[in-house]
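Each chain, letter by letter, is given below.
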Amino acid sequence: MKNTLNQVFHAPKFLIGFIIFVGLIGFCFIYPFFTDKGPLTMYGNGNFFPPGTYVNREEVVEDDGYTLNIERNAETKIAASLGDNEIKGILTYFDLAGIDYSGIDTNDKVALVDLWMENYSSDYSFKTTTANKKLFARIQSIVEKAQKDTGVIIAEKNAETGELEQSETITGTSYSNTSDLASVITFVLGTDNFGRDVLTELVSATKASLRIGLLAGCIATTIGLLLGLLAGYVGGVIDNLITFVTNLFTVIPSFIILILISYSVGDSARGVTVVGIIIGCTAWPWTTRSVRSQVISLRNRDHVNLSKLSGHSMMRIILTDILPYIASYVVMALILQISSGVLAEAQLSMIGLGPATTKQATLGLMMQWATQYSAHLNGAWWAYFPVVITIALMTFSMNLMNQGLDQVFNPQLRD
Amino acid sequence: MKGYKKYYFNKILWYLLTLVCAVILNFVLPRLMPGDPVASIAANSLAGVTDATQVQKVYAEYAAKFGTDKPMWEQFFIWLGNALHGDLGQSFSQYPREVSDILANAIPWTLALQLPAIIVGWLLGNILGAIAAYMKGVFDKAILPAFMFIGSFPAFGMATILLFIFAIKLQIAPSAGAYGFDLLPSFSPAFIKSVLSHYQLPFWSIVLITIGGQGIGMRSMAIYELNADYVKYSRFLGIKDNKIVGYVFRNAMLPQITGLALSLGTMIGGNMVAEMMFSYPGLGMAMLSAVTGQDYPLLSACTLIITIMVLIANLALEIIYGIIDPRVKAQQQD
């Protein structure tokens, strides 16, 4: 046993897979200790806030601040105040005035503004719609305002007279130290469509998905192992029956059976555990098939025959003479079942047949929510890339471990 | 009967039996769902009506129309009789559209997308695996593992990545649908051009994730065969390397065909979800709308069609296998 483990951990493929897998799981268990965010707390009042650190604006204004000899970048100021509509307006102006802007990237706001300031004059000669005329004037005023550093005036309402009284002017050189501010929150991976913190949600979803995968994998492997042993060792009618059913369900795609069963269970009954059980109950055929063929090749070996002659019971023969020989194979099958269970949950959720719950996030549900709110078309990459990459890393690490084990136990595959 | 005839006869018989089981499962399972979708359709057309006898009458009419007032086995035989004439009933969610009409619009897109993509992915994977086993070096240490990692992405994951890079950032590919929204299906050059440009992303996302898995299988098989006795013997006989490699890859190819047959169902299931990401008007979208609309006539028709497609593909692979593997022929002649 010790020798085998030693061998397994010296297989490079297994080791790499194991490290990735343990890293992923380890992160999921350690991360909750370092955050006070709830996985399902809705922080954002809106969809898909990009990753970053969020500072309370009221607090920044109230903060005394420091004056640094660094002027706020005029260009970033311009860029921040120009929206998509204004950028479109600038491009329209260039088109109408016949200004060549092919040399610059249209996403580069600063370069566009530079070109605008060089070329804009309010008495343009071309004809255009009133809306466009207004837009051009607005763009010009934004650009001009941004060039002058007038600062921002803070005013407070006088409680007695109701008049605004100027209390402070914040200039372009005023800074706040983030460690002085109490209300600072960082969303490493932004927020999702519900306004939840994606990283915290992802960690809890990874654990839930892994639980589903583990449950499905254990059920599928147990059923597969039992039926495979029965068919392979007992033979006869039982073998024919099991082989028939197994062949049937290897040809009818298990994904289809999975969809049909999940649908027939209905929304109200489909929790995380039930989905795991359903996946497990549909995934066993190929395990049965391979266990059966392994057992058949073992059945007539000398040591098994010797056991039979010594009058050992069937149970004992299976436990001592057959199981140890297929143990490595069963472990590999389990690993594959877990990884395909995680994947099956994700795919099922994408069609809307995953766990029917909003109380618990799973990787598939996160993906489904992101897709329903068109994150993949809005460019909100933080809502789905982390999920996709987590699934890929899980599958990849488990496949690697599997191949490493395969190389240890099937010496013919070694180079 | 002897030889191939017997082999094919047995195979076809077995597939027919499987088909019967699949049809029964596809019919029964979705109808076990709790809740009554007919009630919701009736409720839609009854909005505002409060008279109880009127409500009951309309509900009974709809129940009779969809046949849900009869026992399940009777429904099954009626459905089967109609299905044999190509009538799969009416859709609940897109009522009064015929299910067969929805499917007839969806199937060509799915077939045209998945069949070429899976074949191309399988071929490229096998070539890469064979090269990795024979040449080793950078193919074995870098390119194959890279594709293995890419292959770990689920099909829908690869779809989102390609969408993000090519449709949203670079804006060189369309992001949704199978052709431009402003076009009607026809054989005009503009339409064909639009179809081709919409085809790229779904096609490549399937091909990319197929390569790795097939490559790794081929590599194992090829290494196994390269160490076989007949290879050593052929070398002793002085047969040219090229010829030996030909033998080796032919032998290594055979299990790959079985492997493809076994993984076909899983692959197609995954690719359906990728189709949905691109709003490709294939069976994936039809299935999604069936699930969200609680539309079991459509759902069971979709799953049945997918099952039949997988069955036909499997049968085709087995027939091909019978032709290229001489051992099958030898076995049948005993």
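Keep in mind it's a predicted model, so treat the numbers as computed, not measured. (Residues numbered from 1 in each chain as written. Chains lettered and ligands numbered in written order. Predicted model: local features only at pLDDT ≥ 70, side-chain atom pairs only at ≥ 80, totals over all residues. Heavy atoms only, no water.)

Notes on empty space enclosed by the protein
The following threshold applies: Of the grid points, spaced at 1 Å and generated over the protein atoms alone, those admitting a 1.4 Å probe that cannot get out make up cavities, while open sets with protein on both sides within 12 Å along at least five of seven lines make up pockets; any residue with an atom within 4 Å of a point is treated as lining. Grid points are joined across faces, edges and corners, and a volume is the space filled by probe spheres set on the points. For this classification, Asp, Glu, Lys and Arg are treated as charged, while Ala, Val, Leu, Ile, Met, Phe, Trp, Tyr, Cys and Pro are nonpolar and the rest, including Gly, are polar. Helix and strand definitions here come from DSSP, where helices need a minimum of 4 consecutive H or I residues and strands a minimum of 2 consecutive E residues; each element is numbered from the N-terminal end.
Under the defined criterion, the tally for this structure stands at 2 cavities of 30 Å³ or more. Approximately 40 Å³ is the volume attributed to the largest cavity. Residue lining of the largest cavity: Pro 174, Ser 175, Ala 176, Gly 177, Ser 197, His 198, Leu 201, Pro 202 and Phe 278 of chain B, and that is the complete set. Each residue belonging to the lining of the largest cavity can be placed in one class, and the counts come to 5 nonpolar, 4 polar and no charged. Looking at the second largest cavity, its volume works out to about 40 Å³. If you trace the second largest cavity, you find it lined by Phe 48, Asp 192, Asn 193, Glu 201, Met 366, Trp 369, Ala 370 and Ala 383 of chain A. The biggest single contributor to the lining of the second largest cavity is helix H15 (residues 363–372) of chain A, with 3 residues. Looking at side-chain class alone, the lining of the second largest cavity contains 5 nonpolar, 1 polar and 2 charged residues.

Describing the domain arrangement of chain B
Residue and element names in this part refer to chain B. For the record, the criterion: What fixes the domain bounds is an automatic or database domain assignment. In what follows, a contact means two residues having at least one pair of non-hydrogen atoms within 4.5 Å. Accessible area, probed at 1.4 Å, shrinks when two parts are joined; the buried area is that loss added up over both. Every case where a carboxyl oxygen of Asp or Glu lies within 4 Å of a side-chain nitrogen of Lys or Arg is listed as a salt bridge. In protein, a polar contact requires one atom able to donate a hydrogen and another able to accept it; more generally it is a pair of N or O atoms within 3.5 Å, and residues adjacent in sequence count only if both atoms are side-chain atoms.
Domain assignment breaks chain B into domain 1 (2–29 + 99–333) and domain 2 (35–87). The centre of domain 1, based on its C-alpha atoms, is set 39 Å off from the matching centre of domain 2. At the interface, 8 residues of domain 1 touch 8 residues of domain 2. Taken together, both faces of the contact between domain 1 and domain 2 bury some 740 Å²; the carbon and sulfur share is 79%. Its largest share of buried area at the contact with domain 2, domain 1 owes to Val 23, Phe 27 and Tyr 296, together 59% of the area lost on that side. Run the count over domain 1 and domain 2 and you get 0 salt bridges. Connecting domain 1 to domain 2 are 0 residue pairs in polar contact (both at pLDDT 80 or more). Taken together, the elements giving at least two residues each to the side of domain 1 that touches domain 2 come down to helix H1 (3–31) and helix H12 (296–324).

A closer look at the domain arrangement of chain A
If you check the domain split of chain A, you get domain 1 (2–37 + 199–413) and domain 2 (58–184). If you average the C-alpha positions of domain 1 of chain A and of domain 2 of chain A, the two centres end up 55 Å apart.

With respect to the nonpolar core
Applied cut-off: Put simply, a nonpolar core is a bunch of buried Ala, Val, Leu, Ile, Met, Phe, Trp, Tyr and Cys residues held in one set by side-chain atoms that sit within 4.5 Å of each other. A 1.4 Å probe rolled over the protein chains alone gives each residue an accessible area, and that area as a share of the maximum for its type sets the label: buried under 20%, exposed over 50%, partly exposed in between.
Membership of the largest hydrophobic core comes to 142 residues, with the highest contact counts inside it found for Ile 259, Leu 363 and Met 367 of chain A together with Leu 103, Phe 156, Leu 283 and Ile 306 of chain B. Top contributing element to this core by residue count: helix H17 (residues 385–409) of chain A, with 12 residues. Setting aside its immediate chain neighbours within four residues, Ile 259 of chain A contacts Leu 348, Ile 351 and Leu 353 of chain A together with Met 287, Leu 299 and Thr 303 of chain B. Counting 22 residues, the second largest nonpolar core, distinct from the first, contains Ile 99, Trp 116, Leu 135 and Ile 139 of chain A.

So, a nonpolar patch on the surface
Residues and elements named next belong to chain A. Let me state the cut-off plainly: Patch membership requires more than 30% relative accessible area and the absence of a salt bridge. Residues of like charge join within 9 Å; the nonpolar side chains Val, Leu, Ile, Met, Phe, Trp and Tyr join within 5 Å. Accessible areas in this description were obtained via Shrake-Rupley with a 1.4 Å probe; residue shielding takes into account the shown protein chains only.
Together, Met 1, Leu 5, Phe 9, Leu 15 and Ile 19 give the surface a local cluster of nonpolar side chains, amounting to about 510 Å² of exposed area. Those elements that place two or more of their residues in the nonpolar patch are helix H1 (2–9) and helix H2 (12–30). Examined against the element boundaries, Met 1 turns out to sit in the segment before H1. On the basis of relative accessibility, which here comes to 77%, the residue Met 1 falls in the exposed class.

Remarks on the pattern of salt bridges
Per the stated rule, a full pass over the model turns up 10 salt bridges over all chains. A salt bridge links Asp 267 of chain A to Arg 270 of chain A; the nearest nitrogen and oxygen atoms lie 2.8 Å apart. Measuring nitrogen to oxygen at the nearest pair gives 2.6 Å for the salt bridge that ties Asp 140 of chain B to Arg 219 of chain B. Here Asp 140 of chain B, found in helix H6 (residues 137–151), pairs with Arg 219 of chain B, found in helix H8 (residues 189–226); they are 79 residues apart in sequence, far enough to count as distant. Of the two residues examined, Asp 140 of chain B and Arg 219 of chain B, each falls in the buried class.

Let's talk about the packing of aromatic side chains
Rule in force here: Ring geometry is summarised as follows: Phe, Tyr and Trp rings, the Trp one being its six-membered ring, pair when their centres sit within 6.5 Å, and such pairs are stacked at plane angles under 30 degrees, edge-to-face over 60 and tilted between the two.
Scanning the model with the defined rule gives 31 aromatic pairs over all chains in all. Relative to Phe 187 of chain A, the ring of Tyr 54 of chain A has its centre 5.4 Å away and its plane inclined at 65°; by these criteria the two rings are edge-to-face. Of the two residues, Tyr 54 of chain A sits in strand S1 (residues 52–55) while Phe 187 of chain A sits in strand S6 (residues 184–187), which places them 133 residues apart along the sequence. Take Tyr 54 of chain A: its relative accessible area is 28%, and that puts it in the partly exposed class. Residue Phe 187 of chain A is classed as buried on the basis of its relative accessible area of 5%. Summarising the aromatic geometry, the rings of Phe 149 of chain B and Phe 153 of chain B are spaced 5.5 Å apart at their centres and angled 80° between planes, so their arrangement reads as edge-to-face. Put simply, the rings of Tyr 93, Phe 94, Trp 116, Tyr 120 and Phe 136 of chain A pair up and form one aromatic cluster.

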